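As a plain string of letters, each chain reads:
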Amino acid sequence: MSFEVNGTTFSRAPRAGQCLRTFLRELGHFGVKKGCDAGDCGACTVLLDGEPVHSCLIPAFRAEGRSLTTIEGLGGEDGAHPMQQAFLDAQGFQCGFCTAGMILTCASLNQAQRTDLGAALKGNICRCTGYRAIEDAIHGKSNVEERVEAGGAFGRSLPAPAGPDVVRGKARYTFDTQIDGLLHIKLLRSPHAHARIIAIDKSAALAVPGVHAVLTHEDAPMVLTSTARHEKDWMDPEDTRILDEVVRFVGQKVAAVVAESEGAAEEACRRLKVTYEILPALIDPEQAMLPGAPLVHPDRTTANRVADAQRNLVAEIHGEFGDVASALATSAVTYEATFHSHRVQHAALETHGGLAWLDDASVLNVRTSTQVPFLTRRALSNIFQLPMDKVRVFCERVGGGFGGKQEMFVEDILALAAFKTGRPVKLELTREEQFIATSTRHPMRVHIKAGADARGKLTALQLDVLSNTGAYGNHGPSVMFHAVNESIAVYNCPNKRVDGRVVYTNTVPAGAFRGYGLPQTAIAVEAAIDELAKQLGISPYDMRRRNIVRPGDPMLSPPESEYHDVLYGSYGLDQCIDLVERAMQADRPQGELSPDWLTGEGIALTMIDTVPPAGHIAEAMIALNDDGGFDLTVGTAEFGNGTSTVHRQIAATVLATTVDRIRLRQSDTAHGGHDTGAYGSTGTFVAGKATEAAAMQLATELKAAAANAWLCDAGTCTLDGEFVVSGVRRMSFVELAKLARAAGRPLAAQGNSEGTPRSVGFNVQGFRVAVNKGTGEVRILRSVQAADAGVVVNPMQCRGQVEGGVAQALGAALYEEMVIDAEGRVTNPKFRDYHLPSFADVPRTEVLFAETSDTIGPLGAKSMSESPYNPVAAALGNAIADATGIRFTAPPFKPDRLFPALHDKFGNSDEVR
């Protein structure tokens, strides 16, 4: 068979039934990505005779005799197609996993298609950007500052260093490599929500040609751990084994087959015969603590960090300041309601997966898609009783995370298979496995009571929270503690009460997700503020101004925390409220709406601690090279959060040089040092602080070395571009490197940060919406978010983080929802039944920044990665309530959810007209 790929003709027959995506990747065209294998995401897009197609749906043999173009060949010999350059100029990407497919689709658009981008781009999903930067690229708008003076990098919109490789398909993600002798892992998963494994008959599976091993709970260490990764292990329950004899949710691992091919491994999984003892299952979290309820982990104790396994209680929190009941009884106005949040999938386009092998020194190497390589190394060391120097964990570029990759879902089984077979092994989860077997946002029931006096001052706030952590504890306790903290700590109120419980159920586990519990409680708290304001005739803006914390005020949520290191490093909440109010008042054309449409506005605010409590460690190293450039080594991972750009900007600014002279190495435990990981709003605030410290120390060393050569006072020396300067004397960094090498003392420095003290970030979201009273459809007419990010390191990049957070949160607020049936089974485990936001779904969000400078963060900066998500659903709920006069308490706000109440109030549209 003859194929032409990127202008080169070759003869090779694909395997029977092989799709075009895998065929091209086996040829080394790694720009063709796997996001779904169902034609839903567009990450695998290629051009077939000039037309964009999803290569996962095309049988490879159908490309015979036709012209194929992948992202690697789009630019021809010159290497840069105009659309690739446009994406560079606009920075139309974040993690970049979707970018190759997106560029190929955009490059194929004709002028007519460009007039309706919603339809033209419906086959390509981006989970990170919010699509505005992609639209900028299509229209040829440039957002980057290419030339910045030495020392002037901080605060400028500099492009991502990996950008050229991302747009050309050369950036390497987890599976973009070829390893000789690679074996493939497939997992048999439980069909039952709760069962004990009595026996597993491997004989038929082992008879499949190419099968090397079948691993079960009998092969796994007895060590209990958690899939959640934190710097402090006490934050997470120890309730999980690599493979267990008891399965506790539909989709849990039962056995792992290791074979020469994925096909052989899948066939062997089908032939495994498992005998189960079916156990009673618990699906409803409200029943979890009732007497007689099935027990999910009856053998766990407080020694496993499980509060009360006999009541399925993973953790609980109770506390009160003042007297809430008395305050409510004497308040001028009160509000009470129950809100429910739902399960949401992270939907990072690169699924969980990794490769593992033993090298010649018997070091376990794990190449994986993770936010926490150093914590994963520590976990593997503990589970397999290995010295830390015998485990290496690293990641290349990561295709999205959003908190879901702050977990260890695959690395342990990879390690087990590598040890059992002695061969390199690969495990790549399918999209369905991502839905049924990883983690979700925690569903919560939030009951709120609130009161205020006649002047609009809060008198009482009470939260009662029930969080469903699913079958395993993962991040359950810490998510719940976070959910009840900043959501009410942002308001001054003399009487506060919190009761929170985290319970087990026999459902897919919940875990870390952008915002970490705050979106679930914010929707209740912010609704209460609005409803109290409405009763008093006070504007939602003024109600918040009268009650928000201000510098000098304690930030309190009961019970009182043992950690007292959260400070007002900077304060811009008042600015954020003002910015949103002015923006929402500005006249903007809204288009024509029929009388069936009701319009309204809503706002919400949130506060977030910039670092988790109890410490978050980052170490950075930087060294002067012989060519006068610098090698900067950090442990934090890049998955669209922009840390690769930020760290170079910090180092270049401190060293008074340009970012092109900073070469970055990151996210590899073999590089030394330690980094807790890129989560909890720490990539800039903690790891960036370590980079700043290292660069400052190296700057001191450079000046001292030059002063020593000149026999002058180092205090007279400054850095300027590529030189140390003292008066009229100038010594280049190249000369300094040469002197240091001759003296046998390389110029290098190390910096570290322990994540304390912590600061706070603020976000305020505003929406204007239209709600169709006849159908329940919601349209976003205006979206504005103001953010206090301290000194903004990279305005273009930070704006993209906010836009992406708003878009992701809108997806969850309007239509994303994982549905679980009465047997505990996820019924919509694929994108086409889940409705991720596409280009047509996402409104443009106006992003505004408060003018502040944080006294704690690096060069005045603080975090802005997860916090933009937090106020979105709350603001949308308030806007819908303003439009309709109905308070909807359970997102997603789908038309079918809104319609019954709208119909009861307004009748059908024909009757209204």
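Residues numbered from 1 in each chain as written. Predicted model: local features only at pLDDT ≥ 70, side-chain atom pairs only at ≥ 80, totals over all residues. Heavy atoms only, no water.

Asker: Quick rundown of the overall build of the protein? Include the residues and the values.
Answerer: When helices and strands are counted, the protein shows 25 helices and 31 strands. For 913 residues, the compact-globule estimate of 2.2 N^0.38 gives 29 Å, and the C-alpha radius of gyration of the protein, at 28 Å, lies within 12% of that figure. Judged by the C-alpha coordinates and their principal axes, the protein covers about 80 × 80 × 65 Å. Residues counted as buried form 64% of the 913 residues belonging to the protein. A sequence separation of at least 24 residues applies to 78% of the contacts in the protein between residues at least 6 apart. Here the protein holds 88 positive side-chain charges and 107 negative ones, and the gap between their average locations is 2 Å. (Helix = DSSP H or I, 4+ residues; strand = E, 2+ residues; numbered from the N terminus. Rg over C-alpha atoms; globule rule 2.2 N^0.38 Å. Buried < 20%, exposed > 50% of the residue type's maximum accessible area, 1.4 Å probe, protein only. Contact = heavy atoms within 4.5 Å. Lys, Arg positive; Asp, Glu negative; His and termini not counted. Charge placed at Lys NZ, Arg CZ, Asp CG, Glu CD.)

Asker: Go over the sheet that holds strand E9 (residues 246-247) with me, naming the residues and quoting the values.
Answerer: The pairing of strands in a sheet comes from backbone hydrogen bonds and takes either a parallel or an antiparallel form. Reading across the sheet, the three strands line up as E9-E7-E11 and stay open at both edges, with antiparallel pairing between neighbours. Either end of the sheet is taken by a strand with one partner, and the two such strands are E9 and strand E11 (273-278). (Pairing = 2+ DSSP bridges.)

Asker: Explain helix H12 (residues 411-421) residue by residue, including any values.
Answerer: For H12, the buried fraction is high: eight of the eleven residues fall into the buried class. In the stretch just after H12, Gly422 is the one whose phi turns positive, near 70°.

Asker: Lay out the sheet that holds strand E6 (residues 183-189) with the relevant residues and their values.
Answerer: Strand order in this open sheet of seven strands is E8-E10-E6-E17-E14-E15-E16, and the pairing throughout is mixed. Of all the strands in the sheet, the pair left with one neighbour each is strand E8 (211-215) and strand E16 (391-394). On average, each strand axis in the sheet is tilted by 20° relative to the strand beside it, whichever way the strands run. Note: E6 against strand E10 (residues 253-259), six bridges, orientation antiparallel. By the bridge assignment, Leu187 is partnered in E10 with Ala256. Running over the sheet, helix H9 (residues 262-271) touches E6, E8, E10 and strand E17 (425-428) and is turned about 25° from E6. Helix-sheet contacts for helix H11 (residues 373-383) involve strand E15 (364-368) and E16, and the interaxial angle to E16 is about 150°. (Axes fitted to C-alpha atoms, helices over the stretch in contact; angles between N-to-C directions.)

Asker: Give a detailed account of unusual backbone geometry, specifying residues and quantitative values.
Answerer: Looking along the chain, the bond that leaves Pro558 and enters Pro559 is cis, with omega of -10°. With respect to the secondary-structure elements, Pro559 resides in the loop between helix H17 (540-545) and helix H18 (573-585). Here the residue pair Pro891 and Pro892 is connected by a cis peptide bond, since its omega of 5° sits within 30 degrees of zero. In this structure, Tyr131 takes a positive phi of about 80° despite not being glycine. With respect to the helices, strands and loops of the structure, Tyr131 is situated in the loop between helix H5 (117-120) and helix H6 (132-138). Residue classification places Tyr131 among the buried positions, given a relative accessible area of 1%. Phi at Ala656 is positive, roughly 55°, even though this residue is not glycine. The residue Ala656 is located in the loop between helix H19 (643-654) and strand E24 (662-666) in this model. Residue classification places Ala656 among the buried residues on the basis of a relative accessible area of 15%.

Asker: Go over the packing of helix H2 (residues 82-90) against helix H3 (residues 99-107) with me, naming the residues and quoting the values.
Answerer: Angle between the axes and distance between the axes are the two parameters that describe a pair of packed helices. At a minimum axis separation of 9 Å, H2 and H3 run at an interaxial angle of 125°. On the basis of their axis angle, the class for H2 and H3 is oblique. Considering how the two elements wind past one another, H2 and H3 form a crossing that is right-handed. Residues Met83, Gln84 and Phe87 of H2 lie in contact with H3, whose contacting residues are Thr99, Met102, Ile103, Cys106 and Ala107. Each residue belonging to the contact of H2 with H3 can be placed in one class, and the counts come to six nonpolar, two polar and no charged. (Parallel < 35°, antiparallel > 145°, perpendicular 65-115°, else oblique. Left-handed = near helix turned anticlockwise from the far one by under 90°. Nonpolar A, V, L, I, M, F, W, Y, C, P; charged D, E, K, R; others polar.)

Asker: Kindly report on the packing of aromatic side chains, identifying the contributing residues and their values.
Answerer: All told, the structure shown has 14 aromatic pairs when counted by the stated rule. Aromatic side chains Phe3 and Phe23 sit 5.0 Å apart centroid to centroid with 55° between the ring planes, which places their arrangement in the tilted category. Note that Phe3 is positioned in strand E1 (residues 2-5) and Phe23 in helix H1 (residues 20-26), a separation of 20 residues in sequence. This pair shows no difference in class: Phe3 is buried, exactly as Phe23 is. Look at Tyr568 and Tyr571: their rings are 5.9 Å apart centre to centre, the planes differ by 70°, and that puts the pair in the edge-to-face class. A relative accessible area of 13% means that Tyr571 is categorised as buried. By the ring-pair criterion, three or more aromatic residues cluster together here, those being Phe3, Phe10 and Phe23. The ring of Phe394 carries the charged tip of Arg392 above its face, separated from the ring centre by 3.9 Å. Above the ring of Phe513, the side-chain terminus of Arg441 is found at 4.1 Å from the ring centroid. (Phe/Tyr/Trp six-rings, centres within 6.5 Å; stacked < 30°, edge-to-face > 60°. Lys NZ or Arg CZ within 6 Å of the ring centre and 35° of its normal.)

Asker: Describe in detail the pattern of salt bridges, supporting the description with residues and values.
Answerer: Under the criterion given, the structure shown has 63 salt bridges. A salt bridge links Glu396 to Arg367, with the nearest nitrogen and oxygen atoms 3.8 Å apart. With Glu396 in the loop between E16 and H12 and Arg367 in strand E15, this residue pair connects regions lying 29 residues apart in the sequence. Taking relative accessible area as the criterion, Glu396 reaches 32% and is therefore assigned partly exposed. Across the salt bridge formed by Glu692 and Lys689, the nearest N and O atoms sit 3.7 Å from each other. With Glu692 and Lys689 both in helix H20 (residues 687-710) and three residues apart, this pair spans about one turn of that helix. (Salt bridge = Lys/Arg side-chain N within 4 Å of Asp/Glu carboxyl O.)

Asker: Got a sec to walk through the side chain of Gln520? Specific residues and values, please.
Answerer: With respect to the element layout, Gln520 can be found in helix H16 (residues 518-536). At a separation of 3.4 Å, a polar atom in the side chain of Gln520 contacts the side chain of Arg441. (Polar contact = N/O pair within 3.5 Å; in protein donor to acceptor, adjacent residues only side chain to side chain.)

Asker: Tell me about the side chain of Ser867, and please be specific about residues and values.
Answerer: Structurally, the position occupied by Ser867 is in the loop between strand E31 (846-849) and helix H23 (872-884). There is a polar contact of 3.0 Å between the side chain of Ser867 and the side chain of Asn763.

Asker: So what's going on with helix H21 (residues 733-742)? Residues and values would help.
Answerer: Residues that lie three or four places apart on an α-helix share one face, since the helix turns once every 3.6 residues. Restricting attention to buried positions, one finds in H21 the residues Phe733, Leu736, Ala737 and Ala740. Relative to the axis of H21, the buried residues are bounded by an arc of 100° and lie together on one face. H21 presents Lys738 and Ala742 as exposed residues on the side facing more than 90 degrees away from its buried surface. Buried-residue contacts for H21 involve strand E22 (618-624), strand E23 (630-634), H20, strand E25 (718-720), strand E26 (723-726) and strand E27 (729-732). The positive-phi residue at the C-terminal boundary of H21 is Gly744, with phi of around 70°. (Arc of directions from axis to C-beta.)

Asker: Pulling in residues and values, what's your account of the packing of H19 against H20?
Answerer: Two elements in contact, H19 and H20, have axes whose closest approach is 9 Å; the angle formed by their N-to-C orientations is 25°. Regarding the angle of H19 to H20, the classification is roughly parallel. As for the relative orientation of H19 and H20, their crossing is right-handed in sense. On the side of H19, the interface is formed by His647, Ile650, Ala651 and Val654, while H20 contributes Ala687, Gly688, Thr691, Glu692, Ala695, Met696 and Ala699. Counted by class, the contact of H19 with H20 contains seven nonpolar, three polar and one charged residues.

Asker: Which residues make up the nonpolar core, and what values go with them?
Answerer: Residues Val769 and Leu876 are the most contacted members of the largest nonpolar core, which totals 163 residues. Broken down by element, this core gets its largest block of residues, nine residues, from helix H22 (residues 795-814). (Core = buried A, V, L, I, M, F, W, Y, C linked by side-chain atoms within 4.5 Å.)

Asker: Residue-level account of the environment of Lys420, with values.
Answerer: Within the fold, Lys420 resides in helix H12. In this structure the C-alpha to C-alpha distance between Lys420 and Gln590, which are 170 residues apart in sequence, comes to 63 Å. Residues in contact with Lys420, not counting those within four places in the same chain, are Leu215 and Asp219.

Asker: So what's going on with the environment of Glu262? Which residues, and what values?
Answerer: Topologically, Glu262 is positioned in helix H9. When residues no more than four places from it in sequence are discounted, the contact partners of Glu262 are His184, Lys186 and Lys426.

Asker: Can you tell me about the pairing of E27, naming the residues and giving the values?
Answerer: Here E26 runs beside E27; their pairing, made up of four bridges, is antiparallel. From the neighbouring strand, Val725 faces E27, where its bridge partner is Arg730. Taking the residues that link successive antiparallel strands as the turn, the E26-E27 hairpin has two residues, and the phi of Gly727 there is positive, at about 65°.

Asker: Describe the state of the cysteines, naming the residues involved and giving the relevant values.
Answerer: Such a bond, covalent and formed between the sulfur atoms of two cysteines, is termed a disulfide. As enumerated under the stated definition, the model contains zero disulfides in all. With no disulfide of its own, Cys56 has Cys44 as its nearest cysteine by sulfur position, at a separation of 3.7 Å. A disulfide-free cysteine, Cys395 has its sulfur positioned 13 Å from the sulfur of Cys95, the nearest such atom. By relative accessible area, which is 5% here, Cys395 ends up buried. (Disulfide = S-S within 2.5 Å.)

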